[in-house]
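Architecture at a glance
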Amino acid sequence: EAQVTQNPRYLITVTGKKLTVTCSQNMNHEYMSWYRQDPGLGLRQIYYSMNVEVTDKGDVPEGYKVSRKEKRNFPLILESPSPNQTSLYFCASSLSVTGGYTFGSGTRLTVV
Amino acid sequence: AQSVTQPDIHITVSEGASLELRCNYSYGATPYLFWYVQSPGQGLQLLLKYFSGDTLVQGIKGFEAEFKRSQSSFNLRKPSVHWSDAAEYFCAVDGGSQGNLIFGKGTKLSVKP
């Protein structure tokens, strides 16, 4: 089944403890992206990638890192999480700019 | 910078009634436009998209949208709403860089029996 898989689905962590949210797609898509969703703010793009080793900042990149070493994987790294990064995170992938993104099921992160 | 505005935060319609959700965008050239739906507790699903050609586009679940360049709008419509359409709807526009997709803040749709 064609899909975007994120792990974990739920995560509670403490301030300052490094964490990684994994994202993998099995559709051979060129483009991948991370969004965060907060009530009243909609979805805001954190980082996106056009291909292996090619990434760019979205609207809210501060406090996050990404890497694209393989086409299928696009992990999101929080080096030192803070409570304002408590959010619902979505990974997405797309074959082309006109195709629209396919979204994963989301990761709900709580930083205490 | 490109942006998307969804003027209605919450809309309630009766089952069987028609629906129109508004979306206005800011973009210098011909935009790529998208509508997504998010059911409670779920990820986002692509309903339809526009990038060229016919300005009236058909999507899944009986939805359609019309691109109007003169009004910078891309409104989503459905002739007869079903209770299962209750969800949050997001309009999005490409941000000018490949892969940069900008979303509006969403419109929550409630359906009355």
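What counts as what
- Residues numbered from 1 in each chain as written.
- Chains lettered and ligands numbered in written order.
- Predicted model: local features only at pLDDT ≥ 70, side-chain atom pairs only at ≥ 80, totals over all residues.
- Heavy atoms only, no water.
- Helix = DSSP H or I, 4+ residues; strand = E, 2+ residues; numbered from the N terminus.
- Rg over C-alpha atoms; globule rule 2.2 N^0.38 Å.
- Buried < 20%, exposed > 50% of the residue type's maximum accessible area, 1.4 Å probe, protein only.
- Contact = heavy atoms within 4.5 Å.
- Pairing = 2+ DSSP bridges.
- Buried area = accessible area lost by both parts, 1.4 Å probe.
- Nonpolar A, V, L, I, M, F, W, Y, C, P; charged D, E, K, R; others polar.
- pLDDT = per-residue confidence, 0-100.
- Polar contact = N/O pair within 3.5 Å; in protein donor to acceptor, adjacent residues only side chain to side chain.
- 1 Å grid on protein atoms, 1.4 Å probe; cavity = no way out; pocket = protein on both sides within 12 Å on 5 of 7 lines; lining within 4 Å.
- Points joined across faces, edges and corners; volume = space filled by probe spheres on them.
- Salt bridge = Lys/Arg side-chain N within 4 Å of Asp/Glu carboxyl O.

With respect to the overall build of chain B
Secondary structure summary: chain B contains 0 helices and 12 strands in total. Start at the N end of chain B and walk to the C end: the helices and strands fall as β-β-β-β-β-β-β-β-β-β-β-β. Scaling as 2.2 N^0.38, a compact globule of 113 residues should have a C-alpha radius of gyration of about 13 Å, and chain B matches this with 13 Å. When its C-alpha atoms are laid out on the principal axes, chain B stretches across 40 × 30 × 20 Å. Looking at chain B as a whole, 43% of its 113 residues qualify as buried. Of all intrachain contacts in chain B linking residues separated by at least 6 positions in sequence, the fraction that spans at least 24 positions is 53%.

Focus: the pairing of strand β1 (residues 4-7) of chain A
Residues and elements named next belong to chain A. Because side chains alternate across β1, one face comprises the buried residues V4 and Q6, and the other comprises T5 and N7, none of which is buried. Of the pairings in the sheet, the one linking β1 to strand β3 (residues 19-25) comprises 4 bridges and is antiparallel in character. Bridge pairing links Q6 to C23 in β3.

Let's talk about the interface of chain B and chain A
Across the boundary between the two partners, chain B contributes 21 residues, which contact 21 residues of chain A. When the two sides are added together, the surface that chain B and chain A hide from each other amounts to roughly 1,700 Å², 56% of it contributed by carbon and sulfur. Together, L44, Q98 and G99 of chain B form the three largest contributors to the area buried by chain B at its contact with chain A, with a combined 28%. Tallied by class, the residues present in the side of chain B that touches chain A amount to 10 nonpolar, 9 polar and 2 charged.

Some points on the confidence of the model for chain B
When pLDDT is averaged across chain B, the result is 92; 99% of the residues are at 70 or more. Element-level mean pLDDT values for chain B span from 90 in strand β11 (residues 101-103) of chain B up to 98 in strand β3 (residues 19-21) of chain B.

Quick word on the pairing of strand β8 (residues 64-68) of chain B
Sheet faces and side chains relate simply in a regular strand, where the side chains alternate between the two faces. Residue and element names in this part refer to chain B. Going residue by residue along β8, you find A65 and F67 tucked away on one face and E64, E66 and K68 left uncovered on the opposite face. Note that strand β7 (residues 56-58) and β8 share 3 bridges and pair antiparallel. Looking at the pairing, V57 lines up with A65 of β8. Hairpin geometry of β7 and β8 is characterised by an intervening segment of 5 residues between the two adjacent antiparallel strands and by a positive phi of about 60° at K61. Bridge count for β8 against strand β9 (residues 73-78) is 5 bridges, and the pairing is antiparallel.

Examining the environment of R36 of chain A
Residues and elements named next belong to chain A. Inspection of the secondary structure assignment puts R36 in strand β4 (residues 31-38). Residue R36 is classed as buried on the basis of its relative accessible area of 9%. Residues R36 and Y89 lie 53 residues apart in sequence; the distance between their C-alpha atoms is 4.4 Å. If sequence neighbours within four positions are ignored, R36 has contacts with G42, L43, R44, I46, V60, Y64, N84, Q85, T86, S87, L88 and Y89. At 3.0 Å, the side chain of R36 forms a polar contact with the backbone oxygen of N84.

Some words on the sheet that holds β1 of chain A
Within a sheet, each strand pairs with its neighbour through backbone hydrogen bonds, oriented either parallel or antiparallel. Spatial strand order, β1-β3-β8-β7 (chain A): 4 strands in an open sheet with antiparallel pairing. In this open sheet, the two strands that pair with only one neighbour each are β1 and β7 (65-66) of chain A.

Some words on the side chain of Q6 of chain A
Residue and element names in this part refer to chain A. Of note, Q6 is situated in strand β1. Within the structure, the side chain of Q6 is placed 3.0 Å from the backbone nitrogen of C91, a separation counted as a polar contact. Of note is the side chain of Q6, whose polar atom sits 3.1 Å from the side chain of T107.

Points about the layout of surface pockets
Considered as a void within the structure, the largest pocket measures approximately 890 Å³ in volume. Considering the residues around the largest pocket, the lining is formed by 42 residues, among which Q37, D38 and G42 of chain A together with E88 and F90 of chain B are closest to the centre. For the lining of the largest pocket, the elements supplying multiple residues, two or more each, are β4, β5 (42-51), β9 (87-94) and β11 (107-111) of chain A together with β1 (3-5), β10 (87-94), β11 and β12 (107-112) of chain B.

Digging into the pattern of salt bridges
Note on pairing: side chains with opposite charge can pair once their charged atoms come close. All names here are of chain A. Enumeration according to the criterion identifies 9 salt bridges over all chains in this entry. For the salt bridge of E79 with K18, the shortest nitrogen-to-oxygen distance reads 4.0 Å. One end of the pair, E79, is in the loop between β8 (76-78) and β9; the other, K18, is in the loop between β2 (10-13) and β3, and 61 residues separate them in sequence. Judged by relative accessible area, which is 37%, E79 ranks as partly exposed. Among the salt bridges present, the one from D38 reaches R44, with a minimum N-O distance of 2.8 Å. Relative accessible area serves as the criterion here: at 11%, D38 is assigned to the buried category. The network of salt bridges with common partners includes K18, K65 and E79.

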